[in-house]
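Summary of the model geometry
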Amino acid sequence: VQLVESGGGLVQPGGSLRLSCAASGFTFSRYAMGWFRQAPGKEREFVADINWTGGYTYYADSVKGRFTISRDNAKNTVYLQMNSLKPEDTAVYYCAARETRIWRYWGQGTQVTVSS
């Protein structure tokens, strides 16, 4: 099983980034997918998730209206479009997969830094 995140980097406040997470080794279309993040000195926190069909999404209050999660089951990929980025969005972003309530698989993370 592999989850490989990409698309992170350095961006100015107010800018945008699109993260991708490519999945392999499991039946992607049967899993809900999520994004989490961990800032230096802080615990990992939930950002957003999407159900297996893509028809249901849920966001943390801190990113609602700025971030959009989506998935392409044909490409085994989940995305996180991040707009209006703020310095407090700086963190390592992880994607994860769950078939039940437990997040079973995790990626290695991609760094997002929002700074002028």
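Computed from a predicted model, the values in this text were never measured in an experiment. (Residues numbered from 1 in each chain as written. Predicted model: local features only at pLDDT ≥ 70, side-chain atom pairs only at ≥ 80, totals over all residues. Heavy atoms only, no water.)

Points about the overall build of the chain
The condition is simple: Helix and strand definitions here come from DSSP, where helices need a minimum of 4 consecutive H or I residues and strands a minimum of 2 consecutive E residues; each element is numbered from the N-terminal end. Based on C-alpha atoms, the radius of gyration is set beside the globule rule, defined as 2.2 Å times the residue count to the power 0.38. Relative accessibility thresholds used throughout: buried, under 20% of the residue-type maximum; exposed, over 50%; partly exposed, between the two (1.4 Å probe, protein chains only). Two residue types count as positive, namely Lys and Arg, and two as negative, namely Asp and Glu; His and chain ends fall outside the count. In this description, the location of a charge corresponds to atom NZ of lysine, CZ of arginine, CG of aspartate or CD of glutamate.
Check the secondary structure of the chain and you find zero helices and eleven strands. Counting helices and strands in the order they occur from the N terminus, the chain gives β-β-β-β-β-β-β-β-β-β-β. Compactness check: the chain gives a C-alpha radius of gyration of 13 Å against a globular reference of 13 Å for 116 residues, within 12% of the reference. Along the longest, intermediate and shortest principal axes, the C-alpha atoms of the chain span 40 × 25 × 25 Å. Residues counted as buried form 43% of the 116 residues belonging to the chain. Side-chain charges in the chain split into 13 positive and 9 negative, and the spacing between the mean points of these groups amounts to 4 Å.

Some details on the pairing of strand β9 (residues 91-98)
Which entries qualify depends on this criterion: Pairing between two strands is assigned when DSSP locates at least 2 bridges connecting them.
Judged by how many residues are buried, β9 sits mostly within the fold: six of eight residues are covered. As judged from the seven bridges shared by strand β4 (residues 32-38) and β9, these two strands associate in the antiparallel manner. Residue pairing in the sheet places W35 in a bridge with C95 of β9. Sheet analysis places β9 next to strand β11 (residues 110-114), joined by three bridges and oriented antiparallel. Its bridge partner being in β11, A91 is matched across the sheet by V112. Where β9 and strand β10 (residues 105-106) come together, two bridges link them in antiparallel fashion. Across the sheet, residue A96 finds its bridge partner in β10, namely W106. Taking the residues that link successive antiparallel strands as the turn, the β9-β10 hairpin has six residues.

Examining the nonpolar core
Keep this limit in mind: Throughout this description, the term nonpolar core refers to a set of buried Ala, Val, Leu, Ile, Met, Phe, Trp, Tyr and Cys residues connected via side-chain atoms within 4.5 Å. Throughout, a contact is declared for two residues whenever any of their heavy atoms are within 4.5 Å.
Core analysis: the biggest nonpolar cluster contains 31 residues, and L3, W35, V78, L80, M82 and Y93 have the highest contact counts within it. When residues no more than four places from it in sequence are discounted, the contact partners of L80 are L17, R18, L19, W35, V47, A48, F67, T68, I69 and Y93.

Overview of the sheet that holds strand β8 (residues 77-82)
Put simply, the rule reads: Geometry is summarised by axes, namely lines fitted to C-alpha atoms with helices restricted to the contacting stretch, and by angles between N-to-C directions that run from 0 to 180 degrees.
With antiparallel pairing, four strands are arranged side by side in an open sheet as β1-β3-β8-β7. Both outer strands of the open sheet, β1 (2-6) and β7 (67-72), are each paired with one neighbouring strand and no more. Direction aside, the axes of adjacent strands within the sheet are offset by 15 degrees on average. Inspection of the sheet shows β7 paired to β8 by six bridges, in the antiparallel sense. Residue pairing for β8: S70 is matched across the bridge by Y79.

Some details on the environment of R66
As a reminder, the rule being used: As used in this structure description, the phrase polar contact means that two N or O atoms lie within 3.5 Å; if the pair is within protein, one of them must be able to donate a hydrogen and the other to accept it, and residues adjacent in sequence are counted only when both atoms belong to side chains.
In this structure, R66 sits in the loop between β6 (57-59) and β7. On the accessibility criterion, R66 (12% relative accessible area) is buried. Between the C-alpha atoms of R66 and A39, which are 27 residues apart in sequence, the distance is 18 Å. Discounting chain neighbours no more than four positions away, the residues touching R66 are Q81, M82, N83, S84, L85, K86 and D89. A distance of 2.7 Å separates the side chain of R66 from the side chain of D89, its partner in a polar contact.

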